[in-house]
Amino acid sequence: MDKNELKQKIQELKQQRKAVIVAHNYQHDDVQEIADVVGDSFALSKYCATTDAEVVVFCGVHFMAESAKILSPEKTVLLPEIDAGCPMADMVTAEALREEKKKYPDAAVVCYINSSAEVKAECDVCCTSSNAVNVIKSIKEKDILFVPDQNLGHYISKLVPEKNIIFWKGFCITHHKIKTDEVEKMKKLHPDALLLIHPECRPELVEMADFVGSTKQIIDYANSSENSKFIIGTEMGVLYKLKKENPDKTFYLMSQGLLCPNMKKTSLESVYNSLNEMKYQIELDEDVRVRAAKALERMLQVG
Ligand code: 13P
Ligand code: SF4
C-alpha cells in the first residue's frame, strides 16, 4: 500500500473501531498528520482521561500508553510498536525505588511521568515537564525523592529552592548527550535566535536558555513570540508543528543528535497494523493500576 492508501485505510478502521489516534510531538510527520490529537505528555494524558472513544491508539512510547490505560481501564489502549520504550523510564524499577524510600521515610515520593506503572504505584504524585514546578510546590513535605530524571529534578530545585530534592541518577539518552560547546556554536552562528530548551537537557544548557518548557510549551512560546528565529533544544519531531504553524519563522535544531529512536519506531504502517489486528494491547495488574492512578490523578488535580 502507498502512503495515501494507508491513510485512507487507517481512517476507515478508526471509525469501525470507534478509535482515536493520539500522537506525541516527537512522532514522524506523517503520523502526526493522521492523529486526532498531537501534544506533550500532559496534554495527551489529560485527553485520554476524558475522551469517550472505546479504543486509543497511542503513537508514542510505552509509559505514555500505559498512563492512558491507568487513567481509563475500560478503554482498549493500543501501542503500535511494542518495543517503543523510554530508556529513561527503565532507569528506575519499583524494587530499587522501594529500597531508596527506606532511606528517606519522611520524604514525599514524586515520579516523572516517564516511568513504569509499577514505579508510579510507589509514588505519592506524578508530574510532567509542563507541571513539575507546580506539582512540587503543592507538596507539604520539605524532602522530596524525585525519580528518574536528574536533569528535570535539578531544574525544579532551582525554581523551588525551599524544597530539598533528592535526585535519582536517570537521564534521557537523547537530551543528556548534548553538551555546551555544541550549543555555544549554534548561538554564535545564530546570535539573534532565541534558545528554547526542554528541561531534560543538562543544567548548564538550561542556564543558557531563553525559555525552558515541555514540548507543547516550547511550541506555544515560539507561536506567540515576536522573535522570528529560534534554536530548538528538544527532539526534532517538534519541528513539524513549529514549521506548519509558523511558516514565516526560522527554526534551527540545537543538535542533529536530537532524535529519539524509540519515538521514531511508529510508522503509518504500524498504526494500520495496530488498528487492523488490535495490537499491542496494554494490560495492567489491577492493584498496580489503582495505586498508579492515585499518583496520576493527584497530578491532574494540580493541573
Ligand atoms: P513532553 O512532556 O515535554 O512532551 O516530554 C516527553 C518526553 O519524553 C520528552 O523527552
Ligand atoms: Fe524517553 Fe528521552 Fe525518548 Fe523522551 S526523548 S521518550 S525521555 S528517551
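So, here is what we can say about the structure in this document. (Residues numbered from 1 in each chain as written. Chains lettered and ligands numbered in written order. Predicted model: local features only at pLDDT ≥ 70, side-chain atom pairs only at ≥ 80, totals over all residues. Heavy atoms only, no water.)

**Considerations on the side chain of D40**
Considering the arrangement of structural elements, one finds D40 in the loop between β2 (37-39) and α3 (41-50). Although D40 is buried, it makes no salt bridge; K216 carries the closest opposite charge, 6.3 Å away. A polar contact is formed between the side chain of D40 and the backbone nitrogen of A43, at a distance of 2.8 Å. (Helix = DSSP H or I, 4+ residues; strand = E, 2+ residues; numbered from the N terminus. Buried < 20%, exposed > 50% of the residue type's maximum accessible area, 1.4 Å probe, protein only. Lys, Arg positive; Asp, Glu negative; His and termini not counted. Salt bridge = Lys/Arg side-chain N within 4 Å of Asp/Glu carboxyl O. Polar contact = N/O pair within 3.5 Å; in protein donor to acceptor, adjacent residues only side chain to side chain.)

**A word on the site of ligand 2**
Residues in close proximity to ligand 2 include Y26, V61, C86, P87, M88, N114, C172, E200, C260 and M263, which together make up its full environment. Residue composition of the shell around ligand 2, grouped by class: eight nonpolar, one polar and one charged. (Near = heavy atom within 4 Å. Nonpolar A, V, L, I, M, F, W, Y, C, P; charged D, E, K, R; others polar.)

**A short note on unusual backbone geometry**
For the peptide bond that leads from V147 to P148, omega is -15°, which places it in the cis range. The residue P148 is located in the loop between β7 (143-147) and α8 (150-159) in this model. Going from K279 to Y280, the amide bond is cis rather than trans, its omega being -5°. A positive phi angle is found at K18, which is not glycine, with a value near 50°. If you trace the backbone, K18 turns up in the loop between α1 (3-17) and β1 (19-24). If you check the backbone angles, M278 has positive phi at about 50° while not being a glycine. Relative to the assigned elements, M278 resides in the loop between α13 (268-277) and α14 (286-302). Assessed through its relative accessible area of 21%, M278 is described here as partly exposed.

**A few points about α1**
An ideal rise of 1.5 Å per residue puts 21 Å on 15 residues; α1 measures up with 21 Å between its terminal C-alpha atoms. Burial in α1 covers these residues: L6, I10, L13 and K14. The buried residues of α1 occupy one face: seen down the axis, they fall within an arc of 105°. Turned more than 90 degrees from where α1 packs its buried face, N4, Q15 and Q16 sit exposed. In the core, the buried residues of α1 are packed alongside β1, α2 (29-34) and α13. The opening residue of α1, the one whose side-chain oxygen lies 3.1 Å from the backbone nitrogen of N4, is D2. Just downstream of α1, K18 is the residue with a positive phi angle, here 50°. (Expected span 1.5 Å × (residues − 1). Arc of directions from axis to C-beta. Contact = heavy atoms within 4.5 Å.)

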